[in-house]
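What follows is the residue order along each chain.
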Amino acid sequence: MSRPTRTRTFAALAVLGLVAGCSSESASESDVDSTAAARERSGQVSPAAGSPFWVDPGSPAAQQAELWERQGRGRDARLLKRIADRPAALWPPADNPEPSIRAATAAAAREGRTAVFVAYDIPHRDCGQHSAGGAYDADAYRRWIGRFAQAIGDSRALVVLEPDAVAHVVDGCTPAEYHAEREQLLSEAIVRLKEQPRTEVYLDAGNPAWIQEPWKLVEPLRRAGVANADGFALNVANFQPDETTKAYGRRLSRELGGKHFVVDTSRNGNGPLGGDRAQAWCNPPGRALGTPPTTDTGDPLVDAYLWIKRPGESDGQCRGGPAAGQWWADYALGLARNSKA
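One numbering rule holds for all chains: residues counted from 1, following each sequence as written. Restriction of local features to residues with pLDDT of at least 70 applies here, the model being predicted, together with a cutoff of 80 or more for giving and counting side-chain atom pairs; totals for whole chains, interfaces and linings are based on all residues. Only hydrogens and water are removed before side-chain values are computed, so all heavy atoms of the structure are retained for them.

1. So, the pattern of salt bridges
Any Lys or Arg side-chain nitrogen found within 4 Å of a carboxyl oxygen on Asp or Glu counts as a salt bridge. For the structure shown, the criterion picks out 17 salt bridges. A salt bridge links R337 to D76; the nearest nitrogen and oxygen atoms lie 3.8 Å apart. Residue R337 is located in helix α10 (residues 329-338), and its partner D76 is located in helix α3 (residues 74-84); the two are separated by 261 residues in the primary sequence. Residue D139 pairs with R142 through a salt bridge whose shortest N-O separation is 2.9 Å. Highlighted residues: D139 and R142, both in helix α5 (residues 138-152), separated by 3 residues, approximately one helical turn. Where helices and strands are cited, they refer to DSSP runs of H or I of at least four residues and of E of at least two residues respectively, numbered from the N terminus.

As structure tokens, this is what we get:
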């Protein structure tokens, strides 16, 4: 599965996000302040109704919309605001996560909102595929999670922990000799993150099209410490419909003592691409934004619909896309244009 690998900047005002062709850079909290204030004064920040989550005012989508507006592409700019004006998770860079976390939580606190993050640095990440990498070893990961948690401090935050990590244990992609260590690291990471007084943690559990029998996930999730988490996360960076995912989540929840879950709805508005399942996850054409981020889910087990995969960021170098995690304006525009929300 493809994930963002580092944070990049799109232009001088960029605060957070992943953008092709620019050097890595971390913004200060004052940068967030000035950019957010300018957008608030202009009336551009309009988070989805019912969402308590923070909108990144310097996201690639926001800056792309502004650029297109200046270039006379007003209609495309307005479409792209379907992404820019809604909250999406931030994937802090592995090499230096603290500045982006502190900037986001500070900005979110001023608005009385919750910042959403993805912790993604587990050793042997992504089985050597598009988003290969991760911490050098177990001790390096422990230090990284400690820095991640410390940067959150006492701010309100929601953390989706290690997409694919448990599912890759179940499907065998991660070699068996790493399974016990991975589960131990995930368990420790949950405990460490939960030391922060207002941090919620959801351990990733794949999607219904990947591990089709949810019972196979139960024991690995237990060994990975899901009991100490607020719940689990489903459909990260995938396209499974809400109802399919919720039905799967309910089955898994029953096996886990009623654990709650969150669902990534960032790109599932048209469901998955038919045909070859091996390629259906990588920049599939004709997809659409899904349910806007909200805690008003109408389901007591579903704590939130979230945009965990940042819409418009590539899954990898397939179908003409840039490297994994880099901004792809044309793909983002397609998601927005196809959206019914």
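Let us keep going from here.
2. Description of unusual backbone geometry
Non-glycine residue H124 carries a positive phi angle of around 60°. Structurally, H124 can be placed in the loop between β1 (115-119) and α5. Partly exposed residues are those whose accessible area sits between 20% and 50% of the maximum for their type, while under 20% is buried and over 50% is exposed, using a 1.4 Å probe and protein chains only. We classify H124 as partly exposed; its relative accessible area is 33%. A positive phi angle, near 50°, is found at E162, a position not held by glycine. Along the chain, E162 falls in the loop between β2 (157-161) and α6 (165-170). What makes E162 buried here is its relative accessible area of 0%.

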